[in-house]
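Structural overview
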Number of protein chains: 2
Amino acid sequence: MSGRLAVVGLGPGDARWLAPEADAALALADALFGYGPYLDRVPARPGQERHPSDNREELLRAQEALELAARGRKVALVSAGDPGVFAMAAAVCEAIAQGPDAWRALDVAFVPGITAMLAVAARVGAPLGHDFCALSLSDNLKTWATIEQRLDAAAGAGFVLALYNPISRARPWQLGKTFERLRRHLPAATPVVFGRAVGRADERVTLATLAEADGVEADMATLIIVGSAATRLVARPGLPPLVYTPRAAETST
Amino acid sequence: MSGRLAVVGLGPGDARWLAPEADAALALADALFGYGPYLDRVPARPGQERHPSDNREELLRAQEALELAARGRKVALVSAGDPGVFAMAAAVCEAIAQGPDAWRALDVAFVPGITAMLAVAARVGAPLGHDFCALSLSDNLKTWATIEQRLDAAAGAGFVLALYNPISRARPWQLGKTFERLRRHLPAATPVVFGRAVGRADERVTLATLAEADGVEADMATLIIVGSAATRLVARPGLPPLVYTPRAAETST
């Protein structure tokens, strides 16, 4: 009857980013939950049940995982990247807060992972080398006015921005509006990094200036980094430029 | 003569957070550079030179590593956590930007790791479950006025804050001033997480409210997370409370 829930970060696409602690937590589980494509990244182990679910059903997925753990099972709930960054850990905490008393007595562990912005940054140099913000552009769970207020505050104060959930079929215009908004605060030459499907076979990392950055270059699997006024490029012969934010970056305003 | 520099993230203290890619990069190197205590975390391998250095000498350490790589050696330069977050990746980019042409032709790879804020967050739940900022409190390379401006902007707009480099012998008062400043924007009950030496044998994670948070509770090995007005606690019988920021968090202002 001593069930357990581990909320496990797989890291971005590449299996070489899966930390040993996360791998061990997956091996211990007798039931796995997660968004289907993320669960597909976990190698099958004998005797393990698999419960794939749809993208949008985060709270329901958390509740199902908690319910099974409360029945005494060893459950792992997987997230891509880090579970604590725009992923399943918050949904699990919400489910526990709203759920039956028994869920508050459960052994619940959160197992960290490399989140997408770190992997994308590593591909191009050190764009997050100084103060930065991570912001979700999804207005499913907050208003667009709140997002604009946060873009203004962060860019105006000299933070680099990592943009999660930049676009989806249901949210086609938000990223273009974001670039428009950021142009009020930042120079036209500010570097913008599009990191699509980083660590997967179809990875594509591209660079643009803020002036030319276009919302249509991204999809749901893209993480975008927008530099501050201090972010620079180092041109390299025969190699892509390095993008970095100096450690001594000051605000530009 | 095909030298190589890998800038490698070890993750926080626990070896189970070292990703396989990082481990492979360390195994390939014939020379290792890094701050002494971080280098001590890398198991010795036969035939590998070790070049430990002091904490403050980041640019010099980057230059020495690049110089050896330019002479054809396979060099790994280690950081705790992720090298791109307040660590060695930016120093390497700065050294390349300022250095001889040959350094711009070098094979340089950045290998991501789990950064401290993700590990500390995982210990308590999901405090970074919504929009957040990472901010260094060191005023060695920026003015205190810039730091205060960023604290105001981030807390005022509803971001959770992860504070790196909160305190040192040379910077004893900055963290106390930070809590004072944040009390202007945030409720007295806002949760504050002190994560000291996370993943090490002497790990200590404690909780406070913003009203009672005290700068003297931290040291150089501490990462601090200050919630937004939306961040909550879930009390649990016989277990530490969960700290989380709901996915639907709105700004309070």
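Residues numbered from 1 in each chain as written. Chains lettered and ligands numbered in written order. Predicted model: local features only at pLDDT ≥ 70, side-chain atom pairs only at ≥ 80, totals over all residues. Heavy atoms only, no water.

One pass over the full model with this rule turns up 1 disulfide over all chains. Each sulfur of the disulfide joining A:Cys133 and B:Cys133 lies 2.4 Å from the other. Handedness here is read from the sign of the S-S torsion; for A:Cys133 and B:Cys133, about 75°, the answer is right-handed. Residue A:Cys133 is found in strand β7 (residues 132-136), and its partner B:Cys133 is found in strand β7 (residues 132-136); the two belong to separate chains. One exposure class covers both A:Cys133 and B:Cys133, and it is buried. (Disulfide = S-S within 2.5 Å. Helix = DSSP H or I, 4+ residues; strand = E, 2+ residues; numbered from the N terminus. Buried < 20%, exposed > 50% of the residue type's maximum accessible area, 1.4 Å probe, protein only.)

Turning our attention to the interface of chain B and chain A. Contacts between the two partners involve 71 residues from chain B and, on the opposite side, 71 residues from chain A. Inspection of the region where chain B meets chain A yields 10 salt bridges. Note that B:Asp131 and A:Lys142 form a salt bridge whose closest N and O atoms lie 2.5 Å from each other. Across the chain B-chain A interface, the total number found is 20 residue pairs in polar contact (both at pLDDT 80 or more). (Contact = heavy atoms within 4.5 Å. Salt bridge = Lys/Arg side-chain N within 4 Å of Asp/Glu carboxyl O. Polar contact = N/O pair within 3.5 Å; in protein donor to acceptor, adjacent residues only side chain to side chain.)

A few words now on the pattern of salt bridges. Scanning all chains against the criterion turns up 36 salt bridges over all chains. Here A:Arg247 and B:Glu58 are joined by a salt bridge, their closest N and O atoms 3.0 Å apart. Taken together, the residues span two chains, with A:Arg247 in the segment after β13 (239-244) and B:Glu58 in helix α3 (residues 58-70). Each member of the salt-bridge network shares a partner with another, and the members are A:Arg196, A:Arg200, A:Asp202 and A:Asp219.

Below, the discussion takes up the relation of the copies chain B and chain A. Aligned on chain A, chain B shows an RMSD of 0.0 Å; the corresponding rotation is 180° and the shift along the axis is 0.0 Å. The transformation relating the two chain copies, once decomposed into turn and shift, fits a two-fold axis. (Least-squares fit on C-alpha atoms with pLDDT ≥ 70 in both.)

Now for the side chain of A:Thr178. Structurally, A:Thr178 can be placed in helix α8 (residues 174-183). Ignoring anything within four residues of it in the chain, the contact list for A:Thr178 reads A:Leu137, A:Trp144, A:Leu151 and A:Leu163.

Residue and element names in this part refer to chain A. Within α8, burial applies to Gln 174, Leu 175, Thr 178, Phe 179, Arg 181 and Leu 182. Buried residues of α8, seen end-on, are gathered within an arc of 160° and therefore sit on one face of the element. On the buried face of α8, the contacting elements are α7 (144-156), β8 (160-164), β9 (191-196) and β11 (222-226). (Arc of directions from axis to C-beta.)

The analysis is restricted to geometry; functional conclusions fall outside its scope.
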